[in-house]
Amino acid sequence: MGTPLETRADQAEEIVDRLEDAYPDSTISLRYSNRLELLIAVILSAQCTDERVNEETKQLFETYDGPEDYANAPQEELAEALNSITYYNSKAEYIRDSCETILEEHDGEVPDTMAELTELSGVGRKTANVVLQHGHDIVEGIVVDTHVQRLSRRLGLTEEERPERIETDLMEIVPESDWQQFTHLCIDHGRATCTARNPDCADCVLADICPSEKGDSEVDLASGEPW
Ligand code: SF4
């Protein structure tokens with residue numbers, strides 16, 4: 001078991017510093033070339049890997065161009081175009097509905113406020129945060145996906161379980177200038193080393209400050225269960 005720094009703010013800062021050294025090019029891995037494509041890619045990425053989404057959107061973004069195309073596409077046709085994605089039927093419906101709202105209420109533009117974005121179909125705070133950060137350069141919060149959720153708990157930054165509450169805890173301790181990067185660093189480390197089922201603690205740059213480190217900690221703080 002590693003020994004966390006004295007305060008959670010110190011711990012968060014140290015984690016960011018070390019992960020920045022380990023992953024200097026960390027950034028969003030979804031592919032898109034405009035705000036609408038970003039919104040659609042993020043909607044599709046819920047409970048699906050970014051690789052799978054990128055694979056599927058290659059063709060999708062060639063076929064459909066702009067909110068009219070999606071809003072006017074028959075449900076079955078759009079669902080068929082997405083059929084390798086998890087929950088493709090619901091996601092096709094979210095995309096059609098969102099594009100209809102974008103056309104009717106936002107002059108065809110992806111909105112740039114948390115309130116307006118979260119009114120779109122299938123868009124929660126996490127999706128809205130990603131669109132604000134990468135589509136509009138507005139950082140209002142911290143994107144809490146499954147990797148951020150798991151690593152924040154393992155590393156002793158929060159004891160909360162729900163993403164919204166984890167986000168609130170993190171916003172109090174992670175410097176605002178690092179809010180966006182914190183997510184990408186956690187995702188990279190979560191994929192490369194601190195995986196859900198079998199984290200490689202022996203080869204982890206955070207081992208000495210991680211209270212879940214498998215060497216002699218018996219508990220995975222992410223789940224609260226023994227390793
Ligand atoms: S890999 Fe192990 S030591 Fe590193 S952050 Fe994850 S649980 Fe902690």
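Residues numbered from 1 in each chain as written. Predicted model: local features only at pLDDT ≥ 70, side-chain atom pairs only at ≥ 80, totals over all residues.

Enquirer: Give me the lowdown on the overall build of the protein chain, citing residues and values where you can.
Expert: Per the secondary structure count, the protein chain includes 11 helices and 2 strands. For 227 residues, the compact-globule formula gives about 17 Å, and the C-alpha radius of gyration of the protein chain, at 19 Å, lands near that figure. Its C-alpha atoms give the protein chain principal-axis dimensions of about 55 × 30 × 30 Å. Per-residue burial over the protein chain gives 37% buried out of 227 residues. (Helix = DSSP H or I, 4+ residues; strand = E, 2+ residues; numbered from the N terminus. Rg over C-alpha atoms; globule rule 2.2 N^0.38 Å. Buried ≥ 20, exposed ≤ 12 C-beta atoms within 10 Å, placed from the backbone.)

Enquirer: How would you sum up the environment of Gln47? Please name residues and give values.
Expert: Structurally, Gln47 is set in the loop between helix 2 (35-44) and helix 3 (50-63). Put simply, Gln47 and Trp227 are 180 residues apart on the chain and 24 Å apart in space, counted from C-alpha to C-alpha. Sequence-distant contacts of Gln47, that is, excluding residues within four places in its chain, are made with Thr86 and Tyr87. (Contact = placed C-beta atoms within 7 Å.)

Enquirer: I'd like to hear about the site of the ligand, residue by residue, with values.
Expert: Surveying the vicinity of the ligand reveals 14 residues, the closest of which are Cys194, Pro199, Cys201, Cys204 and Cys210. The class makeup of the residues in the shell around the ligand is 8 nonpolar, 2 polar and 4 charged. (Near = placed C-beta within 6 Å. Nonpolar A, V, L, I, M, F, W, Y, C, P; charged D, E, K, R; others polar.)

Enquirer: Describe in detail the domain arrangement of the protein chain, supporting the description with residues and values.
Expert: One can read the domain layout of the protein chain as domain 1 (8-26 + 143-226) and domain 2 (35-136). The centre of domain 1, based on its C-alpha atoms, is set 28 Å off from the matching centre of domain 2. Residue-level contacts link 6 residues of domain 1 with 5 residues of domain 2. Taken together, the residues of the side of domain 1 that touches domain 2 sort by class into 3 nonpolar, 1 polar and 2 charged. (Domains from an automatic or database assignment.)

Enquirer: So what's going on with the UniProt feature "domain: HhH-GPD" (unreviewed entry) in the protein chain? Which residues, and what values?
Expert: Following the UniProt record, one finds the feature "domain: HhH-GPD" (unreviewed entry) at residues 44-192. Regarding residues 44-192, the helix share stands at 64% and the strand share at 0%, and the terminal C-alpha atoms are separated by 23 Å. (UniProt positions renumbered as here; feature names shortened; annotations may be inferred.)

Enquirer: So what about the UniProt feature "binding site: [4Fe-4S] cluster" (unreviewed entry) in the protein chain? Which residues, and what values?
Expert: Look at the UniProt record and you will see "binding site: [4Fe-4S] cluster" (unreviewed entry) annotated at Cys194, Cys201, Cys204 and Cys210. A maximum C-alpha distance of 11.0 Å among these annotated residues, which run over 17 residues, shows that they cluster at one spot. Checked against the element boundaries, Cys201 lands in the loop between helix 11 (179-192) and strand 1 (219-220). When the 20 C-beta atoms within 10 Å are taken as the criterion, Cys201 is described as buried. If near-sequence neighbours (up to four positions away) are discounted, Cys201 is found in contact with Ala207, Glu213, Lys214 and Gly215. With residues near it in sequence (within four places) discarded, Cys210 still touches Gly2, Arg154, Leu155 and Cys204.

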